[in-house]
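Coordinate inspection notes
For reference, the chains in residue letters:
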Amino acid sequence: MNGTLPAPDCIIDKVTAVHRLTVLTLNVHKGFTLFNRRFILPELREAVRATGADLVFLQEVHGSHQRHAERHPTWPQTPQYEFLADSMWPQFAYGRNAVYPHGDHGNALLSKFPIRAYDNLDVSIHGNEERGLLHCQLEVPGHEQVHAVCVHLGLREEHRQRQVDLLLALLERLPPDEPVIVAGDFNDWRLKADARLSASLVEAFGRPARSFPARLPLLRLDRIYLRNAQACEARVLSRYPWSHLSDHAPLVAQVTL
């Protein structure tokens, strides 16, 4: 499993129960602004750190890319998810979805809590975009375990519905009484996936929030869903600097377990 030893000031107290988490989800757009005009990953890292999130769900994050590394002086020497984690999130997991000659990208989870295990479920439809569901089992004090599923679904409706089938099947395999947080980019502007997922999950905003495009959010693409947990506050981060750091506006929610 990918991970790093926590810095002394990041070690989680295993005795004191944790009943509230800050959850952030963001499509990183591979570290570039809209239309790939500028590489802004260092700026994005500072903005993500400022949220103080306990769990960060990332989509379209690079594990590596040789050509970008050669062209951009500020390209990190470590994978993008590790660069974003820095010293603030001592645990991280990466699910590689797309592999090409010069690199790869996928989903990632950054966590302040130990990641007991993780698995990347390939939900790609043959001959189309590579997609995955990154499922992590977290050790959160006061709970047997908490499940975090980072999602990035396809662009075509037919493919999304098949991927929702796989997501629902994954949820059915999880213990019914343990907290589950499902977050990411669902590409579900028609809300058809939401209609199915809402039968077993609660959306943090009540109704999916507008998150795309970041500078003037109109489409409801990004989501935070919960089971055995509830959101006491949820916000779309669409103002500066977020409006300039990706094509998606991040979602952040205060979640009680």
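Here the structure is shown first, and the text comes after it.
Below is a short write-up of the structure.

Analysis parameters
- Residues numbered from 1 in each chain as written.
- Predicted model: local features only at pLDDT ≥ 70, side-chain atom pairs only at ≥ 80, totals over all residues.
- Heavy atoms only, no water.
- Phe/Tyr/Trp six-rings, centres within 6.5 Å; stacked < 30°, edge-to-face > 60°.
- Helix = DSSP H or I, 4+ residues; strand = E, 2+ residues; numbered from the N terminus.
- Buried < 20%, exposed > 50% of the residue type's maximum accessible area, 1.4 Å probe, protein only.
- Patch = residues over 30% accessible without salt bridge, like charges linked within 9 Å, V, L, I, M, F, W, Y side chains within 5 Å.
- Areas by Shrake-Rupley, 256 points an atom, 1.4 Å probe, with all protein chains shown as cover.
- Salt bridge = Lys/Arg side-chain N within 4 Å of Asp/Glu carboxyl O.
- Arc of directions from axis to C-beta.
- Contact = heavy atoms within 4.5 Å.

Structural notes on the packing of aromatic side chains
- Scanning the entire structure with this criterion turns up 3 aromatic pairs.
- Between Y81 and F92 the ring centres are 5.8 Å apart and the planes differ by 55 degrees, which places this aromatic pair in the tilted class. With Y81 in helix α3 (residues 80-85) and F92 in strand β3 (residues 91-100), the pair connects residues that are 11 residues apart, well separated along the chain. Each member of the pair, Y81 as well as F92, carries the same accessibility label: buried.
- Aromatic ring contacts, followed pair by pair, group Y81, F92 and Y94 into a single cluster.

So, a nonpolar patch on the surface
- Together, L155, W189, L216, L218 and L219 line one region of the surface with nonpolar side chains, adding up to about 480 Å² of accessible area.
- Counting through the fold element by element, L155 comes out in the loop between β7 (146-152) and α4 (157-173).
- The exposure class of L155 is partly exposed, given its relative accessible area of 44%.

Observations concerning helix α1 (residues 41-51)
- Turning to α1, its buried residues are L41, L44, R45, A47 and V48. In an axial view of α1, the angular spread of the buried residues amounts to 170 degrees, which keeps them on one side of the axis.
- For α1, the secondary structure elements touched by its buried residues are β1 (20-27), β2 (55-65) and α3.
- In the stretch just after α1, G52 is the one whose phi turns positive, near 65 degrees.

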